[in-house]
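What follows is each chain in one-letter form.
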Amino acid sequence: MKATDQLSAMEMMAVNPVRRVLVPRFLGGVIAMPFLAAIFSAIAMFGAHLIGVELFQVDVGSFWQQIQLNVESADVNEGILKSVVFGVAASLIAVWEGYNTVPTAEGVGRATTRTVVITAITILVFDFMITAAMI
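A brief structural summary. (Residues numbered from 1 in each chain as written. Predicted model: local features only at pLDDT ≥ 70, side-chain atom pairs only at ≥ 80, totals over all residues. Heavy atoms only, no water.)

1. Here's the deal with the overall build of the chain
The helix and strand inventory of the chain stands at five helices and zero strands. Starting at the N terminus and ending at the C terminus, the chain contains elements arranged as α-α-α-α-α. Over its C-alpha atoms the chain spans a radius of gyration of 21 Å, topping by over 25% the 14 Å that the globule rule assigns to 135 residues. With the C-alpha coordinates aligned to their principal axes, the bounding extent of the chain is approximately 65 × 30 × 25 Å. Buried positions account for 21% of the 135 residues belonging to the chain. (Helix = DSSP H or I, 4+ residues; strand = E, 2+ residues; numbered from the N terminus. Rg over C-alpha atoms; globule rule 2.2 N^0.38 Å. Buried < 20%, exposed > 50% of the residue type's maximum accessible area, 1.4 Å probe, protein only.)

Below, the structure is given as structure tokens:
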């Protein structure tokens, strides 16, 4: 939207682009990340069930008993906390880089690359900090 001057057009029409464009995208990222984490965790549990029970012939009751014994509520809470923090960080970085990009095709490409790199590093740092704090 920056490269095609849509944000400038919104400003000329007295529409706040931050409120109209950036805030919904930020909130969408923050809300979507915990749901995606839950979906991926459910798929991982299903995959573990398939491999353990079907491929390695582990008893179904034994499999789920071990899951219940080894997965604690602190693990689940840490996963939820991380997904929210990662959603805030990734969305904030993406919105910031997108809004402050140079309005050219090259600028959009550089902003995209910068967003991916900064987000990956930020998530690694936050992951380490949250894991260290929760131990």
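There is more to say after this.
2. Looking at the pattern of salt bridges
Should the charged atoms of two oppositely charged side chains come close, the side chains can pair. Tallying each qualifying case throughout the model produces four salt bridges. With a shortest N-O distance of 2.6 Å, D127 and K82 are connected by a salt bridge. In this pair, D127 is assigned in helix α5 (residues 105–134) and K82 in helix α4 (residues 73–99), connecting sequence segments 45 residues apart. D127 sits in the partly exposed class, given a relative accessible area of 27%. Its relative accessible area of 16% is what places K82 among the buried residues. (Salt bridge = Lys/Arg side-chain N within 4 Å of Asp/Glu carboxyl O.)

3. Some words on the nonpolar core
Among the nonpolar cores identified, the biggest contains five residues, and these are L7, M10, V21, L22 and V95. Elements with a contribution of two residues or more to this core: α1 (6–12) and α2 (17–55). (Core = buried A, V, L, I, M, F, W, Y, C linked by side-chain atoms within 4.5 Å.)

4. A word on the side chain of E97
Tracing the backbone shows E97 in helix α4. Among the residues examined, E97 registers a relative accessible area of 9% and is labelled buried. Of the polar contacts made by the side chain of E97, one reaches the side chain of R114; its length is 2.6 Å. (Polar contact = N/O pair within 3.5 Å; in protein donor to acceptor, adjacent residues only side chain to side chain.)

5. Thoughts on α4
Relative to the 39 Å expected for 27 residues at 1.5 Å per residue, α4 spans 39 Å between its end C-alpha atoms, a close match to the ideal helical length. Those residues of α4 lying buried are E78, K82, S83, F86, G87, A89, A90, S91, I93, V95 and E97. In this structure, the buried residues of α4 make contact with α2 and α5. (Expected span 1.5 Å × (residues − 1). Contact = heavy atoms within 4.5 Å.)

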